[in-house]
Structures are given as C-alpha cells and as structure tokens.
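For reference, the chains in residue letters:
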Amino acid sequence: MISIVDLTVALASIWLAYLISLAVYRLYFSPLAKFPGPKLAALTLWYEFYYDVIKRGRYTWKIAELHTHYGMCRKLSIVQISNISGPIIRIR
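Please read these numbers as outputs of a predicted model, since none were measured by experiment.

Take the overall build of the chain next. Looking only at helices and strands, one finds four helices and three strands in the chain. Listing the helices and strands of the chain from first to last along the sequence gives α-α-α-α-β-β-β. Here the chain has a C-alpha radius of gyration of 17 Å; the compact-globule value for 92 residues is 12 Å, and the former is much larger. Each of the three principal axes of the chain carries a C-alpha extent, and together these read 60 × 30 × 20 Å. For the chain, the proportion of its 92 residues judged to be buried stands at 26%. Partitioning the contacts of the chain with sequence separation of at least 6, the portion at a separation of at least 24 is 38%. Here the chain has roughly 6800 Å² of accessible surface; of this, 68% comes from carbon and sulfur atoms. A distance of 8 Å separates the average location of the 11 positive side-chain charges in the chain from that of its 4 negative side-chain charges.

Now the structure itself:
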C-alpha cells in the first residue's frame, strides 16, 4: 500500500520535473527562444505583472528601456515579441 507521504513526494517530484522541463523548453526550444530579452520574461508572465501592477503601469517605459538594451526586436513575454519599427506580435 502506498502511503500519503510517498504519494505526496511522487506528485511533488512530477510537478517539479514538469516545471523544469517547461523552463528548458521556453528558454532553449521555443520558437521565441531565438529573440533576445530578459530570461525571466521568457519564463513567466510575472515579469509583465510586476511592472504593470506593482510598479503601477511602468511596463510601457520598461519596454522602451529594454529596446535600448536588446535592440530593435526583443521578447516581451512568453507569448509576445516587440519590434520597435512595428507592432507587438502576439504568438498565441
């Protein structure tokens, strides 16, 4: 018989393996992986949340700052690419 502790450890291990594989995919194998940008923005939408909610709408200015650092075309989040000479491209 499997104990609750063993089941909890197994589920936590599976969840951790999923998160690690998702991070590796988003950083190295995603179609957006070839575009430059902050690694945290490539991993999660919390990067945008921080600047929009915690910093009270400063994400627009952060995009301009990131363009000066990373160049004309850069990754905004896990589903967005920003091109300084054109519109934001949403993948999903």
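Okay, back to it.
With that settled, consider the packing of aromatic side chains. Pairs of aromatic rings are described using the distance from one ring centre to the other and the angle between the two planes. Within this structure, the stated rule accounts for five aromatic pairs. Look at Trp46 and Phe49: their rings are 5.0 Å apart centre to centre, the planes differ by 85°, and that puts the pair in the edge-to-face class. Remark: Phe49 and Trp46 occur in helix 3 (residues 46-54); sequence separation between them is three residues, near one turn of the helix. Taking the relative accessible area as the measure of exposure, Trp46 reaches 58% and is therefore exposed. Lying across the ring of Trp61, Arg58 places its NZ or CZ 4.7 Å from the centre.

Our focus in this paragraph is the nonpolar core. Proteins that are soluble and globular tend to have nonpolar side chains buried together. Counting residues in each nonpolar core, the largest one holds seven residues, listed as Ala41, Tyr47, Tyr51, Tyr59, Ile63, Leu66 and Leu76. Counting residues per element, the ones that place at least two in this core are helix 3 and helix 4 (59-70). The element that contributes the greatest number of residues to this core is helix 4, accounting for three residues. Ala41 has contacts with Tyr47, Leu76, Ser77 and Ile78, leaving out every residue within four places of it along the chain.

Tracing the sequence through the fold places His67 in helix 4. Ignoring sequence-local partners within four residues, the contact set of His67 consists of Met72, Arg74, Ser82, Asn83 and Ile84.

Here we take up the environment of Thr44. Turning to its location among the elements, Thr44 is positioned in the loop between helix 2 (39-43) and helix 3. As for Thr44 and Val79, which are separated by 35 residues in sequence, their C-alpha atoms are 9.6 Å apart. Excluding residues within four positions of it along the chain, Thr44 makes contact with Arg26 and Ile78. A polar contact of 3.2 Å, which involves the side chain of Thr44, links it to the backbone nitrogen of Trp46.

Cut-off values and rules
- Residues numbered from 1 in each chain as written.
- Predicted model: local features only at pLDDT ≥ 70, side-chain atom pairs only at ≥ 80, totals over all residues.
- Heavy atoms only, no water.
- Helix = DSSP H or I, 4+ residues; strand = E, 2+ residues; numbered from the N terminus.
- Rg over C-alpha atoms; globule rule 2.2 N^0.38 Å.
- Buried < 20%, exposed > 50% of the residue type's maximum accessible area, 1.4 Å probe, protein only.
- Contact = heavy atoms within 4.5 Å.
- Areas by Shrake-Rupley, 256 points an atom, 1.4 Å probe, with all protein chains shown as cover.
- Lys, Arg positive; Asp, Glu negative; His and termini not counted.
- Charge placed at Lys NZ, Arg CZ, Asp CG, Glu CD.
- Phe/Tyr/Trp six-rings, centres within 6.5 Å; stacked < 30°, edge-to-face > 60°.
- Lys NZ or Arg CZ within 6 Å of the ring centre and 35° of its normal.
- Core = buried A, V, L, I, M, F, W, Y, C linked by side-chain atoms within 4.5 Å.
- Polar contact = N/O pair within 3.5 Å; in protein donor to acceptor, adjacent residues only side chain to side chain.

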